[in-house]
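One-letter residues, chain by chain:
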Amino acid sequence: MSVTVGSPGVRSIYGSAISAKALGSFSRPRVIMAVQSNVISVAPILTKLKEDCATPLPVLRHLAAAMASVMRAGLAVDGGSDLPMIPSYVDALPTGNEKGLFYALDLGGTNFRVLRVQLGGKEERVIATEFEQVSIPPELMFGTSEELFDFIASVLAKFAEKEGGEFNLPDCQTREIGFTFSFPVKQTSVDSGILIKWTKGFAVSGTAGKDVVACLNEAMQRQGLNMRVSALVNDTVGTLAGARYWDDDVMVAVILGTGTNACYVERKDAIPKLQSHNSTSGGMIINTEWGAFSNGLPLTEFDREMDADSINPGEQIFEKTISGMYLGEIVRRVLLKMARASELFGDSISEKLLTPFMLRTPDICAMQQDTSEDLEVVGTILLDVVGVSSNASARQIVVEVCDTIAKRGGRLAGAGIVGILEKMEEDSEGLIFGKRTVVAMDGGLYEHYPQYRTYLQEAVQELLGPQTSTNIVIEHTKDGSGIGAALLAAANSKYGHHF
Ligand code: ADP
Ligand code: MG
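Residues numbered from 1 in each chain as written. Chains lettered and ligands numbered in written order. Predicted model: local features only at pLDDT ≥ 70, side-chain atom pairs only at ≥ 80, totals over all residues. Heavy atoms only, no water.

As named in an unreviewed UniProt entry, the protein is Phosphotransferase, taken from Coffea arabica. Regarding the protein, the UniProt comment filed under Sequence similarities (unreviewed entry) reads as follows: "Belongs to the hexokinase family." (UniProt positions renumbered as here; feature names shortened; annotations may be inferred.)

Okay, structure coming up:
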C-alpha cells in the first residue's frame, strides 16, 4: 500500500523512517487517522522547511540594509521604527586606567550576581575580583517591588560584609555599584532609568513607571547599607564596556542567549533624538534592542504559529527567529507536524512532543554534536525529552531539521551584525572597514552551539567579502557584562576618575 508514503522516491530515501505498523489493523481509529495523514510524508515537509528557511546572499543583503535603515529611523525620533535604539547615556568607555574598588550587581533572569573588583590601572589591571550568584526565590518574582529590592540589597549587604583585605577604598568614600538590569528601561541618565515592563517571567508589582535605581538605593538605605549606584546598564552595554577594557577596537556587542540584543558606539551627531544631551566624548553607546527587528525575515508556518501562541504576538520577531529561548521550540513544532503526517516516530504522538517548549535549544545542540553511526545520542534525547522512539533514518531527519533552524538563526544574526557595521561605516567612512574592528559576543547560545557560531561567521564573511572581513573580528567575551558594569561605575564615579 503505497498510500503510507508520498512517492516511491521518498520511500527509498526515508523508507525505514516510516513505519508500516499502522497498516496492520484498521480497527483502531488512531491507525485509520495515521493512514489518511500519511498521504503527506515527511520529505515534502523537510523540503518546504528548507525552502522557507533559506538565507541566500540576496536575502542576507536585504536584511543587513533593512537593519541599517531601521536603526537610522529609530535614532531620528522615539518610536521612529521597530527598533527602540535606546541611548545608554554611557559616553565614557573604559580605558584601562580605572583604579579603585567597585561593585557590580546583575539582575537579568532567574539568577542574580554580585561582584567586586579592585582595579589597578593600566599596569596592574584587575588586582582582585570576587563574585557570588544567588537564585531569585520564585515567590519574589511575583511579589512587591519592595520585597524584591530588599532581597537584592540584603544579598549585597552580606556580600559586602565579606570584603577581604585585598580590596580597599579610601576612607569616607561610599562604595559604588554598576547595576546591570536587563529588562526594558527608559534610561533617563547614566544612573537612572524608568522600568517600562517586567519580562522573562517576572511580574513584580509596583515597579513599572519607577526609577529602578531609586528603588535599589531606597532598599539599601533600609538595610543601612552605605553604597550607591553610579551606573545603570543593560547587559549588552556592560558586555561592550567589559570587552573595551581589554581591547580599544571593540565597537559592537551582541548577546545571544535566552534572548538577543546588540549595542554599539554611535557618534553623538548621528543621534538626532538626543541633541540636548552634552556628551563629553562625542559618542554614546546605543542599545538597539534589535530583538524587535522584523523586516524581510524568512519565516515559516512554525514561526507564525509559535508567535501567535506566545505571550507577545507580533513582537520580538528577530529574537523569536535567532535566540536560544525559541530554536528548540521551532524544531519541536516541525517534528510534531512530521509525526502527525507520517510515522516518523511510530504510530502514536507522545504527550511530551505535544508540550510547548519541551525541546530546548541545548537539546537540539546536543543532537547536532552526535557523531555516532546510528545517532544514538539523538535517539536518547528524543526518547528522554520528547518521549518518542526513533530509528536511524528518523534521527537523520531530526538532525537535518535542527541544522536548518540553527543555520537560519546563525546566518540571520550574522546579517544583523553586518547591518550595524555597515550603518557605522556609511556614516564615517573608514571607521569600521578601514581598520581592525571587534564585535564582542556573549550569551549561552553563542558560547555553546558551535554550528550556530560557524553559520554566523560564514554569513558575515559572505556579506563582507574576503578582504573586508579580515578586518572584522568576532570574539567571544565571556561574562564581560559584570566587570563591564563595575568599569562603568568607575568611569561615572562621583569621586571623579581615580587616575
Ligand atoms: P541569559 O540569556 O538567560 O542571560 P545565558 O547567556 O547563559 O543566559 O544563555 C542561556 C541560554 O543559552 C539558554 O536559555 C539556552 O537557550 C542557550 N544555551 C545554553 N546552553 C546551550 C547549549 N549547550 N547549546 C545551545 N544553547 C544553549
Ligand atoms: Mg545574560
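Resuming the write-up.
A. The arrangement of the confidence of the model for the protein in detail. Looking at the protein as a whole, its pLDDT mean stands at 89, while 91% of the residues score no less than 70. In the model, residues 1–39 has pLDDT below 50 throughout and makes 55 contacts with residues more than four positions away in sequence or in other chains. (pLDDT = per-residue confidence, 0-100. Contact = heavy atoms within 4.5 Å.)

B. Highlighting the domain arrangement of the protein. The domains assigned to the protein are domain 1 (40–86 + 247–479) and domain 2 (89–233). Using only C-alpha atoms to locate each centre, domain 1 and domain 2 end up separated by 30 Å. Between domain 1 and domain 2, the residue contacts involve 14 residues of the former and nine residues of the latter. On the domain 1 side of the contact with domain 2, Ile86, Met284 and Ile285 bury the most area, a combined 38% of that side's loss. (Domains from an automatic or database assignment. Buried area = accessible area lost by both parts, 1.4 Å probe.)

C. Here's a closer look at the nonpolar core. Membership of the largest hydrophobic core comes to 119 residues, with the highest contact counts inside it found for Leu256, Trp290, Leu335, Met338 and Leu456. A total of 16 residues in this core trace back to one element, the largest contributor, which is helix α14 (residues 392–427). For this core, the two domains that each supply at least three residues are domain 1 (40–86 + 247–479) and domain 2 (89–233). Not counting the four nearest positions on each side in its chain, Trp290 is found in contact with Met67, Leu83, Val254, Thr260, Asn261, Ala262, Phe318, Ile322, Ala413, Gly416, Ile417 and Ile420. With 41 residues, the next largest nonpolar core counts Ala160, Phe181, Ala219 and Leu232 among its residues. (Core = buried A, V, L, I, M, F, W, Y, C linked by side-chain atoms within 4.5 Å. Buried < 20%, exposed > 50% of the residue type's maximum accessible area, 1.4 Å probe, protein only. Helix = DSSP H or I, 4+ residues; strand = E, 2+ residues; numbered from the N terminus.)

D. Up close: the pattern of salt bridges. Under the defined criterion, the tally for this structure stands at 26 salt bridges. A salt bridge links Arg72 to Asp427; its shortest N-O distance comes to 2.7 Å. Remark: Asp427 occurs in helix α14 and Arg72 occurs in helix α4 (residues 57–76); sequence separation between them is 355 residues. For Asp427, a relative accessible area of 27% puts it in the partly exposed group. Ionic contacts of the salt-bridge type, sharing partners, join the residues Arg72, Glu266, Lys423, Glu426 and Asp427 into one network. (Salt bridge = Lys/Arg side-chain N within 4 Å of Asp/Glu carboxyl O.)

E. View of the sheet that holds strand β2 (residues 99–107). Spatially, the five strands line up as an open sheet ordered β4-β3-β2-β5-β8, and their pairing is mixed. Of all strands in the sheet, those bounded by a partner on one side alone are β4 (126–135) and β8 (227–233). Pairs of neighbouring strands in the sheet enclose a mean axial angle of 20°, with direction left out of account. Two strands pair when backbone bridges link them, and strand β5 (residues 175–181) and β8 are joined in this way by six bridges, in the parallel orientation. Bridge pairing in β8 links Thr180 to Val233. The strands touched by helix α6 (residues 145–161) within the sheet are β2, β3 (111–120), β4, β5 and β8, with β3 carrying the most contacts at an inclination of about 40°. (Pairing = 2+ DSSP bridges. Axes fitted to C-alpha atoms, helices over the stretch in contact; angles between N-to-C directions.)

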